[in-house]
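One letter stands for each residue in the lines below.
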Amino acid sequence: MRKTGTKVAATTLLCGMLALALPGTSQSPKGPDQDGTAPALVKIAGEALVESHTFDYLTELSDDIGPRVTGSPEAQRAIDWGAAKMRAIGLENVHTEKFSVWRGWTRGTAQAELLTPIRRPLHIDAMGWTGSTSAGGVDAEVVPANNFNFDRELKDMKRFKGKIILIVSEGTPSKTGDMILAQFCDFVRAAEKAGAIAIIGGQGGFGSEGMNLTHTGILGFAADFALPVVSMTTEDQSQVERDVLAGKPVRIHMNVQNTFTDGPVESANVVGEIRGREHPEEVLVVGAHLDSWDLSEGTTDNGMGSASVLGAAEAIVKAGVRPRRTIRFVLFMGEEQGLLGSYAYVQQHQAEIAHHLGDLILDEGQGPVKELQLGGRNDLVAAFQPFVRQMSDIHPFTVNDKVEFGSDTGPFIAAGLPGINMQQDSPDYKYTHHSAADALEAVKPDVLAQDAALMALTAYWVADRPDRLAKPWPPEKTARVLREQNQYDMLKAFGLWPFGDKGRGQPNSNEGSEQ
Ligand SMILES: [Zn+2]
């Protein structure tokens, strides 16, 4: 779900540096060469890099399953496929864990034509879980609204009655990208109420990235809208914007047809394990989301992660090694609608969450892993350093305590655990993200094999090292660190802040932002 790219910036600080600067403990952390995990890791690396089938899994998922929107029959095929692959790999306790989605949605058609000042077709696609125009479409005047100042726009919504709203980004934003993302939901609701016809604007109202692509996606966490909201190619939208801002009378014909299904709609996470040899009750979750959007094959978001999970599992099984603690591989569904599968997992496993070591997630596009982001757990950065140093011969990467809440790491971070994000270097992801270009061509097999290898090695090392890596933090501490990492406003705005007043008044917390 996480939108990378330049227009919506992740809110992160370099707090990892603080942990590095702490005085050293009497024992320096041990890496694989000292803690006894190296021989197993060598075998796993061999399987993952020399005998990899990861790209075959990605090809099957992309070409034979294809797009798999949560709650759709295609998504069910993906769930069945994932479970079958886990069994074939030889994982234990393979099963699905059901959860429900508040409402289903199916894309229909989306067409638009510029009527004045010149006549030409415009390329659009509907945003997920948004509605339809009247049958046959509507001709309407286009009126701009500035997402850099929704505060002002929300005070004067009557002027949008009967109009198509074009979202523009003018001047200096008064809020962070995450907050604009959240406030766009309020704006769409207000536009619905004011009687607008449709909105042109992607997630947060932001425009597309170019190459004549549209980008679909959900607008909020588990949020749906009766009003049609569409993404337009930047080449087309830029003309409309130039015309509108020049004061020319701009009229568009727009016909958007989508279908909602009454909820709840059933979905499921796919789960398989390598049971631990000493502490099977202690669990590291290794996962990625199996659901995708539907303008192409869902290869980079997130076939890449799903195939890596399967490739990592296979490498460990075939290496013939068994970690001290359990590695639980999970293909999450419903991520794109608001982390629904990973939230369901944490809720369904509440009784054993104290035995969890965290989760390890890959969901940042098609590039090589460049950072392990430990989800606020600054107490664990030092422990990772020798491991990261030793594994960097495969591909150089670093470790820090940044929080990435916008994928299946989020619910684990909220539970006080390290939701570890395998941050990737994916400059082309801004084009493939939720677009018609999200296809197999975007992925290089060698990069995928390396990412899967690093996932397998990280998972095994965490699960097998003599000392347990992490126990959950108490809510006060998690709340404080999330505030320090500027997550409070965004989580509160999306209704995901579970901590109330906890963590306020601590040094560096963004106190005063709570209203
Ligand atoms: Zn994703």
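I will try to describe carefully the structure that is included in this document. (Residues numbered from 1 in each chain as written. Predicted model: local features only at pLDDT ≥ 70, side-chain atom pairs only at ≥ 80, totals over all residues. Heavy atoms only, no water.)

## Focus on the nonpolar core
The test is simple: Residue types Ala, Val, Leu, Ile, Met, Phe, Trp, Tyr and Cys, when buried and joined through side-chain atoms within 4.5 Å, form a set referred to as a nonpolar core. Only protein chains enter the accessibility calculation, which uses a 1.4 Å probe; a residue is then buried when its area is under 20% of its type maximum, exposed when over 50%, and partly exposed in between. In this text, helices come from DSSP runs of H or I with a minimum length of four residues, and strands from runs of E with a minimum of two, each type numbered from the N-terminal end. Residues count as neighbours in contact if any of their non-hydrogen atoms are within 4.5 Å of one another.
With 77 residues, the main nonpolar core has Ile44, Ile316, Phe329, Leu372 and Phe384 as its most contacted residues. By residue number, the principal contributor to this core is helix α14 (residues 445–464), which donates 12 residues. Sequence-distant contacts of phenylalanine 384, that is, excluding residues within four places in its chain, are made with Leu372, Leu374, Val399, Ile420, Thr458, Trp461, Val462 and Leu469.

## Things to note about the pattern of salt bridges
Formally: We define a salt bridge as a contact between a side-chain nitrogen of Lys or Arg and a carboxyl oxygen of Asp or Glu at a distance within 4 Å.
For the structure on display, the rule yields 24 salt bridges. Residues lysine 85 and glutamate 60 are paired through a salt bridge, measuring 3.1 Å at the closest nitrogen-oxygen approach. Residue lysine 85 is located in helix α5 (residues 73–89), and its partner glutamate 60 is located in helix α4 (residues 54–65); the two are separated by 25 residues in the primary sequence. The buried category is assigned to lysine 85, whose relative accessible area is 18%. Under the relative-accessibility criterion, glutamate 60 is labelled partly exposed at 26%. The residue glutamate 282 makes a salt bridge to arginine 325 at a minimum N-O spacing of 3.0 Å. Placement of the pair is glutamate 282 in strand β11 (residues 279–289) and arginine 325 in strand β12 (residues 325–332), with a sequence separation of 43 residues. The pair formed by glutamate 282 and arginine 325 is uniform in burial state, with each residue classed as buried. Via salt bridges that share partners, Arg152, Glu153, Asp156 and Arg159 belong to a single interconnected network.

## Topic: the coordination of the zinc ion
What counts here: With water excluded from the atoms, a metal site may look incomplete; its donors are any N, O or S atoms within 2.8 Å, or within 3.2 Å for Na, K and Ca.
Coordination of the zinc ion by the protein involves His289 (NE2), Asp301 (OD), Asp363 (OD) and Asp363 (OD), with metal-donor separations of 1.9 to 2.7 Å. Along the chain, the residues that donate to the zinc ion are spaced as H-x11-D-x61-D. Separated by 62 residues along the polypeptide, aspartate 301 in helix α9 (residues 299–319) and aspartate 363 in the loop between β13 (356–361) and β14 (369–373) bring together distant segments of the chain. Both residues of the pair, aspartate 301 and aspartate 363, count as buried.

## Here's the deal with the sheet that holds strand β16 (residues 419–424)
Basically, it comes down to this: We call two strands paired when DSSP finds no fewer than two bridges between them. Every axis corresponds to a line fitted to the C-alpha atoms, with the helix fit spanning only the stretch in contact, and the corresponding angles, defined between N-to-C directions, vary from 0 to 180 degrees.
The strand order β1-β10-β12-β11-β13-β16-β14-β15 describes an open sheet built from 8 strands, whose pairing is mixed. Strand pairing shows two members of the sheet lacking a second neighbour, β1 (92–101) and β15 (398–400), which therefore form its edges. In this sheet, adjacent strand axes meet at a mean angle of 25° when their direction is disregarded. Direction of pairing for strand β10 (residues 265–274) relative to β12: antiparallel, over a ladder of 5 bridges. Looking at β12, one finds that glutamate 273 is bridged to arginine 328. Packing of α9 onto the sheet brings it into contact with β10, β11, β12 and β16, and relative to β11 it is tilted by some 145°. Across the sheet, helix α10 (residues 340–348) is in contact with β1, β10, β11, β12 and β13; its angle to β1 comes to roughly 110°.

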